[in-house]
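# Descriptive structure summary
Each chain, letter by letter, is given below.
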Amino acid sequence: MNLNPQKLEMKKIFLLVLALSSALIGFASSHSSEGLIVAMATPVTDVEAIAKWAGQYDRKFMMQMLNGLDIFSDLTVDRNVSRHGKLLPKFTAKSGMRPLDLDVETNGRKERTLSGRKLHVEDCMKLFKIVPEELIESFLADMVAPGAVQIPFAQWFWAREMEKLSSEINDNFYHSEFHADAPDFNAASTYSAGDYVKFTDSNFYKCLSNTNAGESPTSHVAKWEEANGFVCFDGPAKIFADEITAGNISPIATGAITNTNALDKMELMYQNMTSAHRKKGGAFLVSEDTFWNYVKHEQDVFGATNTSSSGDGRKYIYGSNKKWEIVPTTWQDNSSRVIVDVQRANLRVGTTIIGKGGPTIGKIVPTVHGYLTSAKWLLGFEIADLEPLYLNDQP
């Protein structure tokens, strides 16, 4: 029976797709582009390939993901913190200088103190539902792009997932607030803005505006927001706010930082530091918005003396002999907080990369079309010492 031209064309397309699909399955099972040929004789499903890659390299690509975080570049990282936490000791020697007196043998007071804060890490996870057929088109698009490096489908998949996870951690880090122990939602209760609950769908929610009884995350969506990514541990914003409220940190009053005053506000903070701290050097950590306000104000102040390169190089506090750099961060989001980190050693991020607490991909659970699994890791934040920490009064 003769087929009309349209059906012949459809048959050609079908055969081409079938051939390409066979090649992709083989490609996914290999560890190099050469596997495209070898795998034709060794059939393996995309699901098996993704699972095998996770089993072989999960610790490696999870560690690469964590070490590649912007917060790990900008802050001091402790990579061996257990679930019991890690003490950040502070040694303080008391003053005792005086004229020589052979009749005096003791100072009559305590010579030194050893204190410290504790860096805690909390368990975090992300669940993955993987259906390879949903990803093939994106994979093909990446592989045929000019200059694309040919990699196995499984490697491509986990690289994309780790990129997304890295972005989530960076975006949620600053405003995180531990509420993994939030109470279950109670329909008979009323909630105030700022309250957290765990709803019947197993997700965590933050109340945005006061509710009446029965107003749930599903019935009154505008009054709630999902907060899963923000409730794993206490981030900088939470810890700073708590210490300011407790009177342990006195913020420097800068007021709003704009593109007409940013340079002056940074110098104000610098001048409010002790001479001993200024000599040590460090960084003024700011959001990208605050940084660009600084660049714009600097351009306006120095006007005709500016060149095109002035807005591209590193920025330093004027008069600091380049000991104090103004560093834009991606993880401070839209915050106007200026964080002065003396010697860039006072703000600590904790995780664990060894032993049972190390980052890993969890158990593979097959489904009809793919499988389910999870990534697990530990993460936390703490200030090592409040005394050399300077903050402005903007949240």
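This section reports on the structure supplied with the text. None of these values were measured; they are calculated from a predicted model.

## Looking at the layout of surface pockets
One number sums up the size of the largest pocket: a volume of about 710 Å³. The wall of the largest pocket is formed by 29 residues, among which Met125, Lys126, Asn228, Gly229 and Cys232 lie closest to the centre. Counting only elements with at least two residues in the lining of the largest pocket, the list comes to strand S4 (122-130), helix H6 (153-173) and strand S15 (371-383). No other element matches S4, which puts six residues into the lining of the largest pocket. When grouped by side-chain class, the residues that make up the lining of the largest pocket number 17 nonpolar, six polar and six charged. In terms of lining residues, the second largest pocket is bounded by 15 residues, among which His175, Glu177, Lys206, Ala237 and Lys238 are the most central.

## Considerations on the sheet that holds strand S7 (residues 224-226)
Across the sheet, three strands lie side by side as S5-S6-S7; this open sheet has antiparallel pairing. Of all strands in the sheet, those bounded by a partner on one side alone are strand S5 (196-198) and S7. Across the sheet, the axes of successive neighbouring strands diverge by a mean angle of 30 degrees, strand direction being ignored. Two strands pair when backbone bridges link them, and S5 and strand S6 (residues 204-207) are joined in this way by three bridges, in the antiparallel orientation. The partner of tyrosine 196 across the bridge, within S6, is lysine 206.

## Section: the packing of helix H5 (residues 136-143) against H6
Following both chains from N to C, one finds H5 and H6 inclined at 100 degrees, their axes separated by 11 Å at the closest point. In this view, H5 runs roughly perpendicular relative to H6, as classed from their interaxial angle. Contacts between H5 and H6 involve Ile136, Ser138, Phe139, Asp142 and Met143 from the former and Phe153, Trp156 and Arg160 from the latter. Classifying every residue of the contact of H5 with H6 by side-chain character gives five nonpolar, one polar and two charged.

Calculation rules
- Residues numbered from 1 in each chain as written.
- Predicted model: local features only at pLDDT ≥ 70, side-chain atom pairs only at ≥ 80, totals over all residues.
- Heavy atoms only, no water.
- 1 Å grid on protein atoms, 1.4 Å probe; cavity = no way out; pocket = protein on both sides within 12 Å on 5 of 7 lines; lining within 4 Å.
- Points joined across faces, edges and corners; volume = space filled by probe spheres on them.
- Helix = DSSP H or I, 4+ residues; strand = E, 2+ residues; numbered from the N terminus.
- Nonpolar A, V, L, I, M, F, W, Y, C, P; charged D, E, K, R; others polar.
- Pairing = 2+ DSSP bridges.
- Axes fitted to C-alpha atoms, helices over the stretch in contact; angles between N-to-C directions.
- Parallel < 35°, antiparallel > 145°, perpendicular 65-115°, else oblique.
- Contact = heavy atoms within 4.5 Å.

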